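If you want the building blocks of each chain, they are given just below.
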Amino acid sequence: PLELSYREKNCGFLIAYAAPDLDFKHAYRTLGRERIEISEGGLGCWQIGGNWAEVEESTAREILRTSLDRGINLLDTADVYGAGRSETIIGNVLF
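In this text the structure is predicted, and so the values were computed from the model without any measurement.

1. What to know about the overall build of the chain
Scanning the chain from N- to C-terminus turns up 5 helices and 4 strands. Burial analysis of the chain (95 residues in total) assigns 33% to the buried set. A separation of at least 24 residues holds for 66% of the contacts in the chain among residues at least 6 apart in sequence. In the form shown here, the chain has an accessible surface area of approximately 6,200 Å², with 51% of it arising from carbon and sulfur atoms.

This is the structure we're talking about:
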């Protein structure tokens, strides 16, 4: 596993988008009885919702794709992030 601080692991946006040499493709933990492999770093998706500042949808998609390409599969979102905008964009990228 990668040797990252707690803060680094929880700054998926910065790790995925601003640190091009860093990836999580070999940094996973097994979750629950289903044995789902979850990346040690996650992407907080509140900024994609646009509550803090306007984020263009094309930029949001680029952030998500870059994160997924780097091995991040833990996406932290909620229906209150842009009144569902974050979840809608994530769904469009994944499916």
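2. Some thoughts on the pairing of strand S1 (residues 28-31)
Inspection of the sheet shows S1 paired to strand S2 (residues 36-39) by 4 bridges, in the antiparallel sense. Across the sheet, Tyr 28 pairs through a bridge with Ser 39, a residue of S2.

3. Let's talk about the confidence of the model for the chain
The predicted model of the chain averages 79 in pLDDT, with 74% of residues at 70 or higher. Taking the mean pLDDT of every element in the chain, the minimum, 48, falls on helix H1 (residues 6-9) and the maximum, 94, on helix H5 (residues 85-94).

4. Some thoughts on H5
Along H5, the positions that sit buried rather than exposed are Ser 86, Ile 89, Ile 90 and Val 93. Buried positions in H5, seen along its axis, are confined to an arc of 100 degrees and lie on one side of it. Considering only its buried residues, H5 is in contact with helix H3 (46-49), helix H4 (57-69) and strand S4 (74-76).

5. Some words on unusual backbone geometry
Look at Arg 35: it is not a glycine, yet its phi comes out positive at around 60 degrees. In this structure, Arg 35 sits in the loop between S1 and S2. By relative accessible area, which is 58% here, Arg 35 ends up exposed. At Ala 83, a position not held by glycine, the phi torsion is positive, near 55 degrees. When you line up the elements, Ala 83 lands in the loop between S4 and H5.

About the criteria used
Residues numbered from 1 in each chain as written. Predicted model: local features only at pLDDT ≥ 70, side-chain atom pairs only at ≥ 80, totals over all residues. Heavy atoms only, no water. Helix = DSSP H or I, 4+ residues; strand = E, 2+ residues; numbered from the N terminus. Buried < 20%, exposed > 50% of the residue type's maximum accessible area, 1.4 Å probe, protein only. Contact = heavy atoms within 4.5 Å. Areas by Shrake-Rupley, 256 points an atom, 1.4 Å probe, with all protein chains shown as cover. Pairing = 2+ DSSP bridges. pLDDT = per-residue confidence, 0-100. Arc of directions from axis to C-beta.

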